[in-house]
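# Residue-level structure breakdown
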Amino acid sequence: MNAQDADDSGNHAGYVPVVTGAVGYVHNVNAGVTTLEPQINPVLLVPFGSHLLLESRTEFTGFFQRENQTTGPFTGKVFKSVDYAQLDWLANSHLIATVGKYSLPFGIYSERLEPIWIKNIQDAPIDVNIGLRTSGAGDGFMLRGVATEQPGYTVQYSAYFSARSNINQLQAARTAGGDASIYLTHPRLELGGSYQRFLQDRQINNASAYVSWQPPSIPLDLKAQYDYTRTGNGYWLETAYNFDKLQIPSLLRRFQTVGRMQQFFALNGGGNGVPAINTQRFDFGLNYYIHDDFRVISSYGRSFSAQQDANIWNVGFTYRFVMPLWPERKK
Amino acid sequence: MKRYLTFLSLLVLLLLGGMGASALQQDQPSTPSSQKASSTASASASHATQLTGEQVFQANCSRCHTPPMSIPQRATGTIIMHMRVRARLSRQDEQLLLKYMAP
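Residues numbered from 1 in each chain as written. Chains lettered and ligands numbered in written order. Predicted model: local features only at pLDDT ≥ 70, side-chain atom pairs only at ≥ 80, totals over all residues. Heavy atoms only, no water.

### Quick word on the overall build of chain B
When you go through chain B residue by residue, the secondary structure sums to 5 helices and 0 strands. Looking at chain B residue by residue over its 103 residues, the buried ones come to 45%. In chain B, of all internal contacts separated by at least 6 residues, the share reaching a separation of at least 24 is 41%. Per element, the accessible surface of chain B, about 5,100 Å² overall, is 65% carbon and sulfur. (Helix = DSSP H or I, 4+ residues; strand = E, 2+ residues; numbered from the N terminus. Buried < 20%, exposed > 50% of the residue type's maximum accessible area, 1.4 Å probe, protein only. Contact = heavy atoms within 4.5 Å. Areas by Shrake-Rupley, 256 points an atom, 1.4 Å probe, with all protein chains shown as cover.)

### Overview of the state of the cysteines
Residue and element names in this part refer to chain B. One pass over the structure, following the stated rule, counts 0 disulfides over all chains. Here Cys61 is not disulfide-linked; the sulfur of Cys64 is the nearest cysteine sulfur, at 9.5 Å. With relative accessibility at 16%, the residue Cys61 sits in the buried group. Taking the relative accessible area as the measure of exposure, Cys64 reaches 22% and is therefore partly exposed. (Disulfide = S-S within 2.5 Å.)

### Focus on the pairing of strand β5 (residues 95–103) of chain A
Residues and elements named next belong to chain A. Looking at chain direction, strand β4 (residues 74–92) and β5 are connected through 7 bridges and run antiparallel. Within the sheet, the bridge partner assigned to Gln86 lies in β5 and is Gly100. Between β4 and the antiparallel strand that follows it, β5, lie 2 residues. With 8 bridges joining them, β5 and strand β6 (residues 137–149) adopt antiparallel strand pairing. By the bridge assignment, Ala97 is partnered in β6 with Leu143. (Pairing = 2+ DSSP bridges.)

### Considerations on the pattern of salt bridges
Residues and elements named next belong to chain A. The tally for this structure, following the rule as stated, stands at 16 salt bridges over all chains. In this structure, Lys245 engages Asp244 in a salt bridge whose closest nitrogen and oxygen atoms are separated by 3.7 Å. When salt bridges that share partners are traced, they join Asp123, Arg260, Arg281 and Asp283 into one network. (Salt bridge = Lys/Arg side-chain N within 4 Å of Asp/Glu carboxyl O.)

### Thoughts on the pairing of strand β12 (residues 232–242) of chain A
Residue and element names in this part refer to chain A. Of all 11 residues in β12, 8 are buried, a share of seventy percent or more. Where strand β11 (residues 220–229) meets β12, 10 bridges bridge the pair, whose relative direction is antiparallel. The residue of β12 that forms the bridge with Thr229 is Gly232. Connecting the antiparallel pair β11 and β12 is a turn made up of 2 residues.

### Points about a nonpolar patch on the surface
A grouping of A:Phe48, A:Leu54, A:Leu87, A:Val99, A:Phe141 and A:Leu143 is seen on the molecular surface, where their side chains present a nonpolar patch of about 490 Å² in accessible area. For A:Val99, the position within the fold is in strand β5. (Patch = residues over 30% accessible without salt bridge, like charges linked within 9 Å, V, L, I, M, F, W, Y side chains within 5 Å.)

### Some thoughts on the packing of aromatic side chains
Per the stated rule, a full pass over the model turns up 10 aromatic pairs over all chains. Ring plane angle 80° and centroid distance 5.9 Å describe the contact between A:Phe294 and A:Phe317, whose orientation is recorded as edge-to-face. Here A:Phe317 lies in strand β16 (residues 309–324) and A:Phe294 lies in strand β15 (residues 294–305), a separation of 23 residues in the sequence. Aromatic side chains A:Tyr300 and A:Trp313 sit 4.6 Å apart centroid to centroid with 50° between the ring planes, which places their arrangement in the tilted category. Of the two residues, A:Tyr300 sits in strand β15 while A:Trp313 sits in strand β16, which places them 13 residues apart along the sequence. The exposure class assigned to A:Trp313 is partly exposed, which follows from its relative accessible area of 48%. Among the aromatic residues, ring-to-ring pairing joins A:Tyr241, A:Phe243, A:Phe255 and A:Tyr288 into one connected group. For A:Arg133, the ring lying beneath its charged end belongs to A:Phe198, and the centroid distance is 4.3 Å. Above the ring of A:Tyr183, the side-chain terminus of B:Arg63 is found at 4.0 Å from the ring centroid. (Phe/Tyr/Trp six-rings, centres within 6.5 Å; stacked < 30°, edge-to-face > 60°. Lys NZ or Arg CZ within 6 Å of the ring centre and 35° of its normal.)

### Description of the packing of helix α3 (residues 53–60) of chain B against helix α5 (residues 91–101) of chain B
Residue and element names in this part refer to chain B. The geometry of α3 relative to α5 is characterised by a closest axis approach of 7 Å and an angle of 110° between their N-to-C directions. Between α3 and α5, the interaxial angle falls into the category roughly perpendicular. Seen from α3, the contacting residues are Gly53, Glu54, Val56 and Phe57; seen from α5, they are Asp93, Leu96, Leu97, Tyr100 and Met101. (Axes fitted to C-alpha atoms, helices over the stretch in contact; angles between N-to-C directions. Parallel < 35°, antiparallel > 145°, perpendicular 65-115°, else oblique.)

### A few points about α5(B)
Here α5(B) lies mainly inside the structure; 8 of its 11 residues are buried. At its buried positions, α5(B) is contacted by β6 of chain A together with α3 and α4 (73–87) of chain B.

### Here we look at the confidence of the model for chain B
All names here are of chain B. Summarising the model, chain B shows a mean pLDDT of 70, and 52% of its residues fall at 70 or more. Contacts of residues 18–48 to residues separated by more than four positions or lying in other chains number 33 contacts, the stretch itself having pLDDT below 50. ipTM for the predicted complex: 0.92, alongside a pTM of 0.88. (pLDDT = per-residue confidence, 0-100.)

### Some remarks on the nonpolar core
Within the largest apolar cluster, 23 residues are counted, with the highest numbers of intra-cluster contacts made by A:Leu45, A:Leu53, A:Leu90, B:Ile79, B:Met81, B:Leu97 and B:Leu98. Elements that contribute at least two residues to this core include exactly β2 (33–48) and β4 of chain A together with α3, α4 and α5 of chain B. Counting residues per element, this core draws most heavily on α4(B), which supplies 5 residues. Excluding residues within four positions of it along the chain, B:Ile79 makes contact with A:Leu45, A:Val322 and B:Ile71. Ranked by size, the runner-up nonpolar core spans 10 residues in total, among them A:Phe106, A:Ile126, A:Met142 and A:Tyr160. (Core = buried A, V, L, I, M, F, W, Y, C linked by side-chain atoms within 4.5 Å.)

Right, here's the structure in full:
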C-alpha cells in the first residue's frame, strides 16, 4: 500500500476558515524573580479548496516583572511576533510545497511542541536555539511529505531553504536544511534527525536526533531530543504519564505527571543563543485537564551550573480554542 | 562522552522495556484498557486490508498533543488539512480521517 491519492468522496467535512490557537497565563518564579506572562496566540487558517491552505500564527506575550526585580509594582510590556505566515500547496501525499515564513523543522520542539497548549512544561529546553537561529522561522520555501507509507511504517521528510531577512516581523536567517523521520505504526515509535547549515556570517552545521514514543499499552508519552552545534550540545528527555487509564475516581484520572531532564555542554565558549557554561536541569510537572482543551499547569524545576543553582516554579492555565469563521460552506 | 553513553543506554533500555511491555500486552485477550493496543494489533495483522479512520486517528492524533474530543464539522476539512501539513500525513490518511471524523 503506497501513499497515494484517494478520492474525495464519502465525508461531510467542511472547509471554512478557522481562527484557532491558545490563550494562557503563566506565573513564573525563577531564582526568586517573579514574571507574569499572559499570552494569546491566534492561528488563522484559510483554505482554498482542499489543496491550498493559508496559515499564520501571531504571538502576543506579556512579560511583567517587579520594577526592582523583587520589590516594587509590576511593569512590563506585551511583545508581538508573527511565528509563521505561509501558503501550503498539498499537491499529493509525497509533496506539500510551502512558501512564506514557516517554523523551521529542526528537531521536534519548535514545530510541534512549542505552542503553550501543547508543551507539558512551559520553559523551553536549554538548547532550544540550536538550529533555530535567528528567529525560529525561515523565509523562503519548504518541501515536505510522505516518502513512503507501508502497513508497518511511514517515512516523512522536509527540506527547506531560507533567505536572510531583516524586515520587521519577517526576520529570518539564510539557512538550508532538512529533516527525516520514520514512524513505526505498531509500537508508535518515531525516530528522526534534522540537519541544518547556517549560511550567514560564519557557516555552521547544526544537527539533531530525536525520539517520540507513545507505547500503545501504557498511557506514557516519551520524547527526547539531542542537538549539536559548534558552540554546544545537549539533550532533553521528557516523559509524561496520563492517569486516564488508571482505576481511580474519574476526577483524578485527569492528572498528568511530567518529568524532564536536560544536560547542556558548552563548546568553544558557547554563544549563538546557547549558554556559555555547562548547565543541567530537572523539571517535574503536574497538569490537570479540566477538558481536553483546557488545563491547569504547574511545574517545579531546578537548574545547576557553575554560576548559579536556581529553583524555577510555574503555575497557570492554557486553553486551546477552535472557532470556525462562518457557517457551513461545503467545498 | 561518558554522560552521553549513560543517556543513550538509558534511552535504549526504556525503548526496549516499553516494546517488550507492549508486545506482552498484545498477547493477552483484550481488556477495556488494552483496547487501543488490540486495535493496532488487528490493524497490522490485516496488512492487505485498509486501515480505518479510527485506527489512523488512534495512531496519529496523540503523537504531539492531547487529541481533540470533537471538532466542529464545518471546520474538520480545514483542520485535518492543517494537521496533514504539520504531521506530514498522506492524502489517504487524510481521507480516512475525514470519513471517521465527519462521516
